[in-house]
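Each chain, letter by letter, is given below.
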Amino acid sequence: MLEGFHRRSVLVLSALLVVAFSQARADNPQSSADELKAARLLANSICSHCHGADGYSGEPGVPNLAGQQRAYLEIQLAGFRTGKARDPDGQHNMLAIGSAWLTSERVTSDLAMYFASLQPAPPKATEDAAAIAAGKRLYERPRPDPAHPGCAGCHGTNGEGFSVFPRVAGQNMKYLERQLDLFQLGMRGGQSLHSGELSNLSDEELNALAAFMASMGSK
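Since we're looking at a predicted model, the values are computed, not measured. (Residues numbered from 1 in each chain as written. Predicted model: local features only at pLDDT ≥ 70, side-chain atom pairs only at ≥ 80, totals over all residues. Heavy atoms only, no water.)

Draft legend 1. Region of the structure containing empty space enclosed by the protein. Taken as a whole and judged by the stated rule, the model has three cavities of 30 Å³ or more. As a volume, the largest cavity reaches approximately 60 Å³. Around the largest cavity, the lining residues are N64, A66, Q68, A121, R167, A169, G170 and Q171. In terms of residue class, the lining of the largest cavity is made up of three nonpolar, four polar and one charged. (1 Å grid on protein atoms, 1.4 Å probe; cavity = no way out; pocket = protein on both sides within 12 Å on 5 of 7 lines; lining within 4 Å. Points joined across faces, edges and corners; volume = space filled by probe spheres on them. Nonpolar A, V, L, I, M, F, W, Y, C, P; charged D, E, K, R; others polar.)

Draft legend 2. Structural view of the packing of helix α2 (residues 32-51) against helix α6 (residues 105-116). One way to put it is that α2 packs onto α6 with a least axis distance of 8 Å and a crossing angle of 90°. By the angle between their directions, the pair α2 and α6 is classed as roughly perpendicular. Facing α2, whose interface residues are S32, E35, L36, A39, R40, L42, A43, N44 and C47, α6 presents V107, D110, L111, M113, Y114 and F115. Grouping the amino acids of the contact of α2 with α6 by side-chain chemistry returns 10 nonpolar, two polar and three charged. (Axes fitted to C-alpha atoms, helices over the stretch in contact; angles between N-to-C directions. Helix = DSSP H or I, 4+ residues; strand = E, 2+ residues; numbered from the N terminus. Parallel < 35°, antiparallel > 145°, perpendicular 65-115°, else oblique. Contact = heavy atoms within 4.5 Å.)

Draft legend 3. View of the pattern of salt bridges. All chains considered together, the criterion is met by three salt bridges. Taking the shortest distance from any N to any O, the salt bridge between R178 and D89 comes out at 2.6 Å. Residue R178 is located in helix α9 (residues 173-185), and its partner D89 is located in helix α4 (residues 88-93); the two are separated by 89 residues in the primary sequence. A salt bridge links K136 to E140; the shortest N-O distance between them is 2.9 Å. A residue pair is termed a helical-turn pair when its members lie 3 or 4 positions apart in one helix, as K136 and E140 do in helix α7 (residues 129-140) at four residues. Residue class for K136 comes out partly exposed when judged on its relative accessible area of 37%. The exposure class assigned to E140 is partly exposed, which follows from its relative accessible area of 40%. (Salt bridge = Lys/Arg side-chain N within 4 Å of Asp/Glu carboxyl O. Buried < 20%, exposed > 50% of the residue type's maximum accessible area, 1.4 Å probe, protein only.)

Draft legend 4. Main features of the nonpolar core. Counting residues in each nonpolar core, the largest one holds 21 residues, and the members touching the most others are Y139, L180, L198, L201, L209, M213 and M216. Contributing elements (two or more residues each) for this core: α7, α9 and α11 (203-215). Look past the residues within four positions of L198 in its chain and what remains in contact with it is L180, F183, Q184, L206 and L209. Grouped together as the second largest cluster of nonpolar side chains are 20 residues, A39, F80, L111 and Y114 included. (Core = buried A, V, L, I, M, F, W, Y, C linked by side-chain atoms within 4.5 Å.)

Now the structure itself:
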């Protein structure tokens, strides 16, 4: 009985959130403050269950969203809404959520704007100095082929990202390791950009690269 009540409560809450979100856009189409308020309501009521309060995930395999590049988030959220995301893990986990709450391009755009406005997650502390040093060399190494500029060429010197290239600084290490594995296996979007960078790296090198990115403090 309690389980049924909980399920009905969740459905009612989701409906109210969608109405509130749509009403805020209809009443104030030019107001960024109201858009952020509506997006914050949705993020803290729904997204926070996996991605944590204020976009700081407490789950090692779940990404932080706080301070992420807005253009990147818009692409990811649009993919979850349409079922065409290039992240197989995310698509699986977001299947029900995307259809229930990511109801329009405006919703995904406002959510992306909200998360991008938050302070990024701080660097992740680790005692494996050797892994971080090895990862730093891999991240910063120059590449002779302009088509493959290396990690820093797209994700920034400080891991801050740029436009559709995501922030990697301070990201959860386990999440980063999984994404690097997917890129290497050709199971993640953007494969053409990463194939030259990751194809010949060992598991140890991939883990070192993830450790360094997690330890970075972006600006």
